[in-house]
Amino acid sequence: MTVTFRPLDPLKDAELIHPWVTHPKAAFWMMQEAQLQDVEREYMAIAAHPHHDAFIGLVDGEPAFLMERYDPAKVDLVGLYEAQPGDVGMHFLVAPSDTPVHGFTRRVITAVMRELFADPAAARVVVEPDVRNTAVHALNEAVGFVPDREIQKPEKKALLSFCTRAQFEAAAGVSGAAI
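Conventions adopted
Residues numbered from 1 in each chain as written. Predicted model: local features only at pLDDT ≥ 70, side-chain atom pairs only at ≥ 80, totals over all residues. Heavy atoms only, no water. Helix = DSSP H or I, 4+ residues; strand = E, 2+ residues; numbered from the N terminus. Buried < 20%, exposed > 50% of the residue type's maximum accessible area, 1.4 Å probe, protein only. Areas by Shrake-Rupley, 256 points an atom, 1.4 Å probe, with all protein chains shown as cover. Core = buried A, V, L, I, M, F, W, Y, C linked by side-chain atoms within 4.5 Å. Contact = heavy atoms within 4.5 Å. pLDDT = per-residue confidence, 0-100. Polar contact = N/O pair within 3.5 Å; in protein donor to acceptor, adjacent residues only side chain to side chain. Axes fitted to C-alpha atoms, helices over the stretch in contact; angles between N-to-C directions. Parallel < 35°, antiparallel > 145°, perpendicular 65-115°, else oblique. Left-handed = near helix turned anticlockwise from the far one by under 90°. Salt bridge = Lys/Arg side-chain N within 4 Å of Asp/Glu carboxyl O.

Check the secondary structure of the protein chain and you find five helices and seven strands. The secondary structure elements of the protein chain, listed N-terminal to C-terminal, are β-α-α-β-β-β-α-β-α-β-β-α. Principal axes of the C-alpha set define a box for the protein chain whose edges measure 40 × 40 × 30 Å. In the protein chain, which comprises 179 residues, the proportion classed as buried is 44%. About 9,300 Å² of surface is accessible on the protein chain, with carbon and sulfur atoms providing 53% of the total.

Here it is as structure tokens:
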């Protein structure tokens, strides 16, 4: 499985990701009722933001997931925790599939973490999934995230969790050179 990333183009990719973000399995993405124009608008705002980026993840050349990278000191978590230099915020969403592949989502989150840690300035990945999203909590733990505490965001109660480069390397069974 070869995983690559390309920047999301809000106008060209909105049709691609609209069914992803509105799918019942994407309930925690909180865009269930979004129209195509809402998705375009949301990702145009991300594209215009200097501290937030969105990417399409390709598996063997085919679009398969969405990844967002952000600076948690300036986006999403401002004032909710004490940001440290090298913190990188992350969201990811795997496209729905009629034929799920066992272990696929874990391989995707591992690839996402490798991509984030490919930046030498990235010291720690920060996530804040909904406290009710037990499936993603298990995935996060599998790649080295350690829950810190619950926080109240405007749109949800979230589980603030962190993963350092060393925690990821230990969980993924990779060395720093392999990232």
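Before going further, it helps to examine the nonpolar core. Core analysis: the largest hydrophobic core is formed by 26 residues, its most contacted members being Met-90, Phe-92, Val-112 and Met-113. If you list the elements that add at least two residues to this core, you get β2 (52-59), β3 (62-70), β4 (87-94), α3 (104-117), β5 (124-127) and α4 (134-142). Setting aside anything within four residues of it in sequence, one finds Val-112 in contact with Phe-5, Phe-65, Met-67, Met-90 and Phe-92. Trp-20, Trp-29, Met-31 and Ala-34 belong to the second-largest nonpolar core, a separate cluster that totals 18 residues.

Taken over all residues, the pLDDT of the protein chain has a mean of 93, while the share at 70 or more is 97%. Confidence drops under pLDDT 50 across residues 175-179; counting only partners more than four residues distant or on other chains, this segment forms 10 contacts.

In this section: the side chain of His-137. As for its position among the elements, His-137 is in helix α4. Looking at His-137, the relative accessible area reads 16%, which means it is buried. In terms of polar contacts, His-137 uses its side chain to reach the backbone carbonyl oxygen of Asp-130, at 3.1 Å. Once residues lying within four places of it in the same chain are set aside, the contact partners of His-137 are Pro-129, Asp-130, Val-131, Arg-132 and Leu-159.

Our next topic: the packing of α3 against α4. Interhelical geometry of α3 versus α4 gives an angle of 55° and a closest axis separation of 10 Å. The pairing of α3 with α4 is recorded here as oblique in orientation. Crossing handedness for the pair α3 and α4: right-handed. Seen from α3, the contacting residues are Thr-105, Arg-106 and Ile-109; seen from α4, they are Leu-139, Asn-140 and Ala-142.

A few words now on the pattern of salt bridges. Tallied over the entire structure, the rule returns 12 salt bridges. Ionic pairing is found between Arg-6 and Asp-13, a salt bridge with its closest N-O pair at 2.7 Å. For Arg-6, a relative accessible area of 26% translates into the label partly exposed. The partner of Arg-69 in a salt bridge is Asp-53, and the shortest N-O contact between them spans 3.0 Å. Here Arg-69, found in strand β3, pairs with Asp-53, found in strand β2; they are 16 residues apart in sequence, far enough to count as distant. The class of Arg-69 is partly exposed, set by a relative accessible area of 32%. The class for Asp-53 is partly exposed, based on a relative accessible area of 30%. Because the salt bridges share partners, they merge into one network encompassing Asp-76, Glu-128, Lys-153, Glu-155 and Lys-156.

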